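Take a look at the letters that make up each chain.
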Amino acid sequence: MVMLELLRMQAQRQAQLLSNCVMALARDPLAPEQLNACAAAARSFEGTAQTVGLEAGAELARAMEECCAAVRRGEIELQQELIGMMIQAVDLLDCMARVSPTAPPLFSTDETPEHYPVPGKGQAVLVVDDSLETRELARKLLMFRGYEVVMAADGIEAWYAVLTGNFELVLADLEMPLLDGLQLARRMRRDPRLSGISILIACDKDDLQLRWRVFDAGASYYVVKGTFHDTLVEAVETLIGPAHL
């Protein structure tokens, strides 16, 4: 029983390593070493998953390894859609391997990525949207009220930013390529280091089903983009308080 528990914990660590590799691949899809690292991590997870009886996880990891091999051979292209599917797959593997809610962090102390610009004082907000116009609108509205704002163009960039920054709130677009707002929220909620950060999801519309999806992902609240002028600052103030001017 003790050996099985140790193997399950090993599978969990391997799933997190695979997750790191895929996220790094998403940032630099042209780097062959990232592709090789993904294949090796998938192979390691597959072996452990078979040992502990996670057959579905082993099959999924094997499919990811074969996908990496096909890309190396030039049989398929590593496009955004494929990387997005790999991110979803590693999220599923991480859930399969998770044996307790207190998982070790996705980055160990010696794997910390480069630092993003971090505001030195005041309430720091990370604005994440693949639309420059939307990012700029949110930035102007929040900075006018005294908040310090850092911007990210997609969920991958935002993930690395929250790992190295000191943010009180993340405002994330619901729909983004590769890593959308809900996937980003789920990743943040699985990492105990990020538990104190409020997450605000920006949606194009408001409906009941969408609200459930937002809250189920672990987000704190949501705002509709078309009402930013009226609701964004109020929502941010509700979650983290007025800016310290």
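Model, not experiment: these values are computed from the prediction.

Rules used throughout
- Residues numbered from 1 in each chain as written.
- Predicted model: local features only at pLDDT ≥ 70, side-chain atom pairs only at ≥ 80, totals over all residues.
- Heavy atoms only, no water.
- Buried < 20%, exposed > 50% of the residue type's maximum accessible area, 1.4 Å probe, protein only.
- Helix = DSSP H or I, 4+ residues; strand = E, 2+ residues; numbered from the N terminus.
- Polar contact = N/O pair within 3.5 Å; in protein donor to acceptor, adjacent residues only side chain to side chain.
- Core = buried A, V, L, I, M, F, W, Y, C linked by side-chain atoms within 4.5 Å.
- Contact = heavy atoms within 4.5 Å.
- Salt bridge = Lys/Arg side-chain N within 4 Å of Asp/Glu carboxyl O.

(A) Geometry of helix α6 (residues 155–164). Of all 10 residues making up α6, 9 are buried, and the element is well covered by its neighbours. Buried within α6 we find Gly155, Ile156, Ala158, Trp159, Tyr160, Ala161, Val162, Leu163 and Thr164. At the N-terminal boundary of α6, the capping side chain belongs to Asp154, with an oxygen 3.1 Å from the backbone nitrogen of Ile156.

(B) The nonpolar core, seen in detail. Grouped together as the largest cluster of nonpolar side chains are 64 residues, with contacts concentrated most on Met64, Ile87, Leu126, Trp159, Val170, Met188 and Ile201. At 9 residues, the largest contribution of residues to this core is made by helix α1 (residues 2–27). Setting aside chain neighbours within four positions, we find Ile87 in contact with Val22, Met23, Ala26, Ile156, Leu178, Leu179, Gln183 and Arg187. One finds Val125, Ala138, Ala235 and Val236 within the second-largest nonpolar core, a separate group that totals 19 residues.

(C) Molecular detail of the pattern of salt bridges. Taken as a whole and assessed by the stated rule, the structure comprises 12 salt bridges. The salt bridge involving Arg62 is made with Glu59; its shortest N-O contact spans 2.7 Å. A residue pair is termed a helical-turn pair when its members lie 3 or 4 positions apart in one helix, as Arg62 and Glu59 do in helix α3 (residues 55–72) at 3 residues. Residue classification places Arg62 among the partly exposed positions, given a relative accessible area of 21%. For Glu59, a relative accessible area of 46% translates into the label partly exposed. When the shortest N-O distance is used, the salt bridge between Arg211 and Asp206 registers 3.1 Å. The exposure class assigned to Asp206 is partly exposed, which follows from its relative accessible area of 40%. Residues participating in the shared-partner salt-bridge network are Asp129, Asp173, Asp204 and Lys225.

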